[in-house]
Amino acid sequence: LRMDTPGGLDTSMRQVIKEILAAPLPVAVFVGPSGARAASAGTYILYSSHIAAMAPATNLGAATPVQIGMPGAEPDKKPESAREDEKKAKDKKGKDKKARDEAQPDTSTQSTLTRKQIHDAAAYIRSLAQLRGRNAEWGERAVREAVSLSAEEAKRINVIDIVAHDVNDLLKQLHGRKVTVQGVERTLETQDAAVTAIEPDWRTQLLTVITNPSIALILMMIGIYGLIFEFSNPGFVLPGVVGGICLLLALFALQLLPINYAGLGLILLGLAFIVAEAFLPSFGALGIGGTVALVIGAVILVEPEAEGYGVSLPFVITLGLVSALIVFSIVAMALQARRRGVVSGAEHIVGASGEVLDDMQTEGWARVQGERWRIVSSTPLIRGQKVRVTRIDGLTLIVEPETQQRSEGGAT
């Protein structure tokens, strides 16, 4: 089992470990290639394997359990020297090594639930270490103190069995090694073994993509914008369908990630402000505030303790620029609409030109902007004469001849 992971769900980890413990054939877990890691849940899986191997420049550890959506468990904050002094004092009092290993961490800043989780995880990794004959003390420290090890150090203190450069090197080193499987000792013959890679199926690959924090954030934004567009323009259907699907996928991904609800709230608030900018005359205030809230929310969306699950900084910057562009476009359209002349209503009629339909003395009919209007004039008008509207009185237009207006303008 080749592994490179920052961790995962406790339930999934225990399911993998149960499969390894019940396997009829020996299972070798290899942390590789170089640069890979077996952090958090990966450390437990490595401890459970029949053969634990790592490539050079890899690491394992930091196995303290973290509650999804809540602050992470605080590891023991006492310095190493203080812990050594406590152990020496307990030696003087005659306490055995087992009692020292089971010493309680500093619980002044830990809740009862957190302590229960840490004790349960520590006992679990200790049981796996005892089953495989590995360093149980360091495994418990990885849980209680969130410590980590490099591959070479792990080999030196009996946390792993082999340091191999690649899978072929691992198979060569495994040849002739004896392991116990289901209580039966077996000798491995792997020198000429054929290697067949079993890649994750399409479902696993799809879920891996969806549960990426950046992808989950994109899906959430598409979902919200799609539903808003559908509600604003009922009948388009497609934006609502796509928005609903994307929003549900985003919610599925977020419930699997160790998210910070304050960050999620800021993201939703920022989206609400940006959408409100299109409907309220704030001229940029709501949009700028929404962009700032969106960027801050994206930065703090994932708990800092959940290493490897953060939203990348380039994505956050791109998200902020796109949001700022949306806000700028909305404000620009609002300012352009403010400068545009009136194109409907009474204000639009005033100043418009028309044509008299019949000879008249003071009252008659004229065609203005393609419509038939009743008009009143202080001077007699003839059929076909051009007039200009000066004001509106109810459903009657007050007009004057265009020639009169031009002559007055010329005299002035």
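One can find the structure itself at the top, above this paragraph.
Residues numbered from 1 in each chain as written. Predicted model: local features only at pLDDT ≥ 70, side-chain atom pairs only at ≥ 80, totals over all residues. Heavy atoms only, no water.

Draft legend 1. Spotlight on the overall build of the protein chain. If you tally the helices and strands in the protein chain, you get 16 helices and 14 strands. By the burial criterion, 39% of the 412 residues in the protein chain qualify as buried. Residue pairs at least 24 apart in sequence account for 59% of intrachain contacts in the protein chain once pairs closer than 6 positions are excluded. Surface summary for the protein chain: the accessible area is close to 23,300 Å², and the carbon and sulfur share equals 59%. (Helix = DSSP H or I, 4+ residues; strand = E, 2+ residues; numbered from the N terminus. Buried < 20%, exposed > 50% of the residue type's maximum accessible area, 1.4 Å probe, protein only. Contact = heavy atoms within 4.5 Å. Areas by Shrake-Rupley, 256 points an atom, 1.4 Å probe, with all protein chains shown as cover.)

Draft legend 2. Looking closely at the sheet that holds strand β3 (residues 37–39). Spatially, β3-β5-β6 is the arrangement adopted by the three strands of the open sheet, whose pairing is mixed. With partners counted over all chains shown, the strands left at the sheet margins are β3 and β6 (148–150), one partner each. Neighbour-to-neighbour, the strand axes of this sheet turn through a mean angle of 15 degrees, independent of strand direction. Note: strand β5 (residues 59–61) against β6, three bridges, orientation antiparallel. Considered in β6, the bridge of Gly61 is made with Ser148. (Pairing = 2+ DSSP bridges. Axes fitted to C-alpha atoms, helices over the stretch in contact; angles between N-to-C directions.)

Draft legend 3. Seen up close, the packing of aromatic side chains. Overall, the coordinates contain two aromatic pairs when judged by the stated rule. Pairing Tyr44 with Tyr124 gives two aromatic rings, centres 6.3 Å apart and planes at 25 degrees, and the pair type is stacked. Here Tyr44 is found in helix α2 (residues 41–48), whereas its partner Tyr124 is found in helix α5 (residues 112–132), with 80 residues between them in sequence. For Tyr124, a relative accessible area of 15% translates into the label buried. Their ring planes at 70 degrees and their centres at 5.4 Å tell us that Phe229 and Phe236 sit as a pair that is edge-to-face. A cation sits over an aromatic face here: Arg14 above Tyr124, 4.1 Å from the ring centre. (Phe/Tyr/Trp six-rings, centres within 6.5 Å; stacked < 30°, edge-to-face > 60°. Lys NZ or Arg CZ within 6 Å of the ring centre and 35° of its normal.)

Draft legend 4. Layout of the sheet that holds strand β1 (residues 2–3). Pairing within the open sheet is parallel, and its four strands lie in the order β1-β2-β4-β7. Looking at which strands have only one partner, the edges of the open sheet turn out to be β1 and β7 (162–163).

Draft legend 5. Structural context of the pairing of strand β2 (residues 28–31). Sheet analysis places β1 next to β2, joined by two bridges and oriented parallel. By the bridge assignment, Arg2 is partnered in β2 with Phe30. With respect to chirality, the unit in which β1 leads through helix α1 (residues 10–21) into the neighbouring parallel β2 is right-handed. Relative to strand β4 (residues 51–54), β2 runs parallel, the two being bridged by four bridges. Bridging across to β4, Val29 finds its partner in Ala52. (Right-handed = clockwise from strand over helix to strand, strands pointing away.)

Draft legend 6. Molecular detail of the nonpolar core. Ranked by internal contacts, the top residues of the largest apolar core, which has 36 residues, are Tyr44, Leu46, Met54, Leu60, Trp138, Val143 and Val159. Where this core is concerned, the elements lending two or more residues are α1, β2, α2, β4, α5, α6 (136–144) and α7 (151–156). Residues within four places of Tyr44 in sequence aside, it is in contact with Met13, Ile17, Ala63, Ala121, Tyr124, Ile125, Leu128 and Val143. Ala253, Ile259, Leu294 and Phe315 belong to the second-largest nonpolar core, a separate cluster that totals 27 residues. (Core = buried A, V, L, I, M, F, W, Y, C linked by side-chain atoms within 4.5 Å.)

Read these as geometric descriptors, not functional statements.
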